[in-house]
Amino acid sequence: MKLRRVTAASAAVLALAVAATACGSDDKDDSSSSSSGGGDKKITIGIKFDQPGIGQKTPDGYTGFDVDVATYVAKQLGYDEDQIQWKEAKSADRETMLQRGDVDFIAASYSINDERAAKVDFAGPYLLAHQDVLVRADDKDIKSPEDLNSKKLCSVAGSTSAQNVKDKLAPKAQLQQYQTYSQCLTGLQSGAIDALTTDDSILAGYASQASFKGKFKLGGFKMTNENYGIGVKKGSDLKAKIDTALEKMVSDKSWDKAVEANFGPAGYENEPAPKIGNVVK
Amino acid sequence: MFDFLEGYNLWEAFWTTVQLTVLSAVGSLIWGTLLAAMRVGPVPLMRGFGTAYVNIVRNIPLTVIILFTSLGLNQTFGVELGSDVTDTTNFRLAVLGLIAYTSAFVCEALRSGINTVPVGQAEAARALGLNFTQVLTLVVLPQAFRSVVGPLANVLIALTKNTTVAAAIGVAEAALLMKEMIENEAQLVLISAVFAFGFVCLTLPTGLILGWVSKKVAVKR
């Protein structure tokens, strides 16, 4: 008898909890779906939280190139900075977040490729990046991608850059994989690792960090083409609006300012702003 | 429906998982037994060491331990564990970290087994003139092991799943392949289900077989 009462009580608690979470997610859905109207509503944008120069959460707010682009686009869509809700979009979650409607759009070093384009729509591209390497500033051995074959490379586990190295660029290189790029930097500084590889825009962001200034340099190899686009839900009418906003950002020079502010200190020679819809293979 | 599996070597990834599990299991059984011996031993210094080790190591998250073996031991202090191939070094570092962590749990399981052996057994052995090592290895531990097969099976299953943490330092086991596939294929749910199924295939038989063994060998008192 006592047992049954306990069961009933816990069932009630469970039901309450479920109901509460259901309500919670309903609220969220409301706010994000009605946000497309503008006015005093909110817009939810997915960005990276842990990539300096691209999208980083700092104690004083959010910084990075993606953040600047997203803020500009949001402004063109009719949202002020304080109406933006930032949300972390981890690489693996991006498609799901858009499909579920958790975010209105995603600007998170999101390279356009066929598998992804089948699931979501891309506005842009707004930046053409290349896979590159970051080496110690005094390194003289690594002059071309072929030199990497006898070296120790580091990248993030499972990432496209790591797979590229293994499959194509330098199959004989030893690859150390970590969870984040910051962990690679420990070894790069101590000499246990010779090069860190991923998109040059991300590398430039790390090299521009105050604590690493002057210690690392970019190889400048342009090993792949990564077209960063802004991801929206499949069939969304936001795509056309964001494209217009991005065009305006380039034409009024805000784009150049954002590049200079975020990547400038690393000596990163950026590509000119890509044309909308022009995906470089 | 499952065409996203093409081009990936699932067997190799799960084989690495199995290797990590078996090597770490053997290692932590040995080191855990030694720790348990220290904890019940007559030398205060060793008892203190055993207690401190168990209480410190089992309260550190495994991710931190594994990351320390790589970022601390390898990248900062240059420990390579006898191999200059990055993948081999990482594998050995992961096994080292898993042994260090799991042995704390093996030690505690075993110590509870030692407590199930009636104290009269040890006293009788002492009375026959056996020294501490003989009492432990000939009388107490054989009985203790027979009563902790069940708890040790639990530890082994936990260890099997804990090997996924080795992905944090880039050991090419199942969880790392899963990350890779999720990155490429945009099939989050299906891929996760496939890997979850793979782990169930590994752990379910472990549990069943060791459960049967545990009944078979238990000391009836």
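Residues numbered from 1 in each chain as written. Chains lettered and ligands numbered in written order. Predicted model: local features only at pLDDT ≥ 70, side-chain atom pairs only at ≥ 80, totals over all residues. Heavy atoms only, no water.

1. Structural notes on the confidence of the model for chain A
Residues and elements named next belong to chain A. Mean pLDDT over chain A stands at 80; residues scoring 70 or higher make up 84%. Per-residue pLDDT, averaged within each element of chain A, yields its smallest value for helix α1 (residues 2-34) (52) and its largest for strand β1 (residues 43-47) (92). A low-confidence stretch, residues 22-38 (pLDDT under 50), is modelled with 14 contacts involving residues beyond four sequence positions or located in other chains. (pLDDT = per-residue confidence, 0-100. Helix = DSSP H or I, 4+ residues; strand = E, 2+ residues; numbered from the N terminus. Contact = heavy atoms within 4.5 Å.)

2. Some points on the interface of chain B and chain A
Accessible area lost upon the coming together of the parts serves often as the stated size of an interface. With 24 residues of chain B in contact, the opposing surface of chain A contributes 26 residues. Where chain B touches chain A, the interface holds one salt bridge. Across the pair K152(A) and E80(B) runs a salt bridge, and its minimum N-O distance is 3.5 Å. Joining chain B to chain A, the criterion identifies eight residue pairs in polar contact (both at pLDDT 80 or more). Of all elements in the fold, only α3 (62-76), α4 (86-116) and α8 (174-185) of chain B reach the threshold of two or more residues within the side of chain B that touches chain A. Broken down by element, the residue count for the side of chain B that touches chain A peaks at six residues, all from α8(B). Of the residues belonging to the side of chain B that touches chain A, the class tally is 10 nonpolar, eight polar and six charged. (Salt bridge = Lys/Arg side-chain N within 4 Å of Asp/Glu carboxyl O. Polar contact = N/O pair within 3.5 Å; in protein donor to acceptor, adjacent residues only side chain to side chain. Nonpolar A, V, L, I, M, F, W, Y, C, P; charged D, E, K, R; others polar.)

3. Comments concerning helix α1 (residues 10-40) of chain B
Each full turn of the α-helix corresponds to 3.6 residues, which orients residues three or four apart in the same direction. Compared with the 45 Å implied by 1.5 Å per residue over 31 residues, the 44 Å span of α1(B) between its first and last C-alpha is a close match. The opening residue of α1(B), the one whose side-chain oxygen lies 3.4 Å from the backbone nitrogen of W11(B), is N9(B). (Expected span 1.5 Å × (residues − 1).)

4. Things to note about the side chain of Q177(A)
Here Q177(A) is to be found in strand β10 (residues 174-178). Look past the residues within four positions of Q177(A) in its chain and what remains in contact with it is S155(A), V156(A), A157(A), G158(A), A162(A), K166(A), A168(B), I169(B), G170(B) and L176(B).

5. Here we look at the packing of aromatic side chains
Two descriptors summarise a pair of aromatic rings, namely the distance from one centre to the other and the angle between the planes of the rings. Residue and element names in this part refer to chain A. Inspection of the entire model under this criterion finds 12 aromatic pairs over all chains. With a centroid separation of 5.8 Å and 45 degrees between ring planes, the pair formed by Y62 and W86 is classed as tilted. With Y62 in strand β4 (residues 61-63) and W86 in strand β5 (residues 84-88), this residue pair connects regions lying 24 residues apart in the sequence. The partly exposed category is assigned to Y62, whose relative accessible area is 28%. Ring pairing ties together the aromatic residues F65, Y126, Y228 and W255, which thus form one cluster. (Phe/Tyr/Trp six-rings, centres within 6.5 Å; stacked < 30°, edge-to-face > 60°. Buried < 20%, exposed > 50% of the residue type's maximum accessible area, 1.4 Å probe, protein only.)

6. Remarks on the sheet that holds strand β3 (residues 55-58) of chain A
Residues and elements named next belong to chain A. If you trace the three strands from one edge of the open sheet to the other, you get β2-β3-β4, paired in antiparallel fashion. Two strands close off the open sheet at either side, each with one partner strand: β2 (50-51) and β4. Strand direction decides the pairing type here: β3 and β4, joined by three bridges, are antiparallel. Paired with Q56 across the strands is T63, a residue of β4. (Pairing = 2+ DSSP bridges.)

7. Let's talk about the domain arrangement of chain A
All names here are of chain A. Split into domains, chain A comes out as domain 1 (35-129 + 227-266) and domain 2 (131-218). Buried surface at the junction of domain 1 and domain 2, summed over both partners, amounts to about 1,000 Å²; 60% is from carbon and sulfur atoms. At the junction of domain 1 with domain 2, the criterion picks out three residue pairs in polar contact (both at pLDDT 80 or more). The residue makeup of the side of domain 1 that touches domain 2, split by class, is eight nonpolar, five polar and one charged. (Domains from an automatic or database assignment. Buried area = accessible area lost by both parts, 1.4 Å probe.)

8. Some points on the nonpolar core
Residues F105(A), I230(A) and I242(A) are the most contacted members of the largest nonpolar core, which totals 93 residues. Top contributing element to this core by residue count: α4(B), with 13 residues. Ignoring any residue separated from it by four or fewer positions in sequence, one finds I230(A) in contact with V69(A), V73(A), F105(A), I106(A), A107(A), D121(A), F122(A), A123(A), Y126(A), I242(A) and L246(A). (Core = buried A, V, L, I, M, F, W, Y, C linked by side-chain atoms within 4.5 Å.)

9. Some details on empty space enclosed by the protein
Residue and element names in this part refer to chain A. One pass over the full model with this rule turns up one cavity of 30 Å³ or more. Roughly 30 Å³ of volume is contained in the largest cavity. As for the largest cavity, its lining consists of P125, Y126, L246, V250, W255, P274 and I276. Those elements that place two or more of their residues in the lining of the largest cavity are β7 (121-129) and α8 (238-251). Here the residues of the lining of the largest cavity sort into seven nonpolar, no polar and no charged. (1 Å grid on protein atoms, 1.4 Å probe; cavity = no way out; pocket = protein on both sides within 12 Å on 5 of 7 lines; lining within 4 Å. Points joined across faces, edges and corners; volume = space filled by probe spheres on them.)

10. Remarks on the sheet that holds strand β12 (residues 216-218) of chain A
Residue and element names in this part refer to chain A. As summarised here, the arrangement of the five strands in space is β10-β9-β11-β8-β12, forming an open sheet in which the pairing is mixed. The open sheet terminates on both sides in strands that have one partner only, identified here as β10 and β12. Strand-to-strand twist of the sheet, defined as the mean angle between neighbouring strand axes without regard to direction, takes the value 30 degrees. The sheet contact formed by strand β8 (residues 131-136) and β12 spans three bridges and is antiparallel. Bridge assignment links L134 to a residue of β12, and that residue is L218. Sitting on the sheet, helix α6 (residues 181-190) is in contact with β8, β9 (152-156), β10, β11 (195-199) and β12, with an inclination near 150 degrees to β11. (Axes fitted to C-alpha atoms, helices over the stretch in contact; angles between N-to-C directions.)

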